[in-house]
Amino acid sequence: MSNCVRGVTDALCSIEKDYIQFPTAARQMRMQHGIMEKFRFPKVLGCIDDTHIPIGAPSTNEAIYVNHKSFHSINVQAICDDIFKFIDVVVKWPGSTHDAFIWTQSGINLKIASKKFQFLMGGFSVIVVIRCTQI
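Parameters at a glance
Residues numbered from 1 in each chain as written. Predicted model: local features only at pLDDT ≥ 70, side-chain atom pairs only at ≥ 80, totals over all residues. Heavy atoms only, no water. Helix = DSSP H or I, 4+ residues; strand = E, 2+ residues; numbered from the N terminus. Buried < 20%, exposed > 50% of the residue type's maximum accessible area, 1.4 Å probe, protein only. Areas by Shrake-Rupley, 256 points an atom, 1.4 Å probe, with all protein chains shown as cover. Contact = heavy atoms within 4.5 Å. pLDDT = per-residue confidence, 0-100. Lys, Arg positive; Asp, Glu negative; His and termini not counted. Salt bridge = Lys/Arg side-chain N within 4 Å of Asp/Glu carboxyl O. Polar contact = N/O pair within 3.5 Å; in protein donor to acceptor, adjacent residues only side chain to side chain.

Moving on, we come to the overall build of the protein chain. If you tally the helices and strands in the protein chain, you get 4 helices and 5 strands. Per-residue burial over the protein chain gives 35% buried out of 135 residues. As presented, the protein chain carries roughly 8,600 Å² of accessible surface, and 60% of it is formed by carbon and sulfur atoms.

Encoded structure:
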């Protein structure tokens, strides 16, 4: 990884907690209302998808960075709320990593599994809706 990319990444990570946060219970209720009003999905907090950020071919483990479209990338998972604000971002998996695997390994997955709401996930060949009945 180049020094420039590492420097930008380090700078972003140092301020992440100030800007990318999982919402409080009160904010979650407002988000549910916002998504219901805009998109007609009941009891949904946000939308999630993965995207591939192109990178140069790394000198080590080059093959694992080649994605399904045959270019080198980092697979990034991002979740946004009803006003398109990021509430979670995972930037650490090589391009060959499947979206569903990133989801199962993410810290947000554990948070969501323990709460009483549903979350909409759409991405490369996978759509998952986690449904909970007590809201």
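There is more to say, and it comes next.
Take the environment of Phe84 next. For Phe84, the position within the fold is in the loop between β2 (73–80) and β3 (86–94). The exposed category is assigned to Phe84, whose relative accessible area is 56%. In this structure the C-alpha to C-alpha distance between Phe84 and Gly46, which are 38 residues apart in sequence, comes to 8.5 Å. With sequence-adjacent residues up to four places away left out, Phe84 is seen in contact with Lys38 and Phe39.

The pLDDT averaged across the protein chain works out to 79; a share of 80% of its residues lies at or above 70. Contacts of residues 121–135 to residues separated by more than four positions or lying in other chains number 40 contacts, the stretch itself having pLDDT below 50.

Summarising the element assignment, Asp50 is placed in strand β1 (residues 44–54). Buried charged residue Asp50 carries no salt bridge. Nearest counter-charge: Lys92, at 12 Å. Leaving out residues up to four positions away in the same chain, Asp50 has contacts with Asn75, Val76, Gln77, Asp99 and Ile102.

Let us now look at the side chain of Arg27. Topologically, Arg27 is positioned in helix α2 (residues 25–39). The class of Arg27 is buried, set by a relative accessible area of 18%. A distance of 2.9 Å separates a polar atom in the side chain of Arg27 from a polar atom in the side chain of Asp82. Those residues in contact with Arg27, other than ones at most four positions away along the chain, are Asp81, Asp82 and Ile83.

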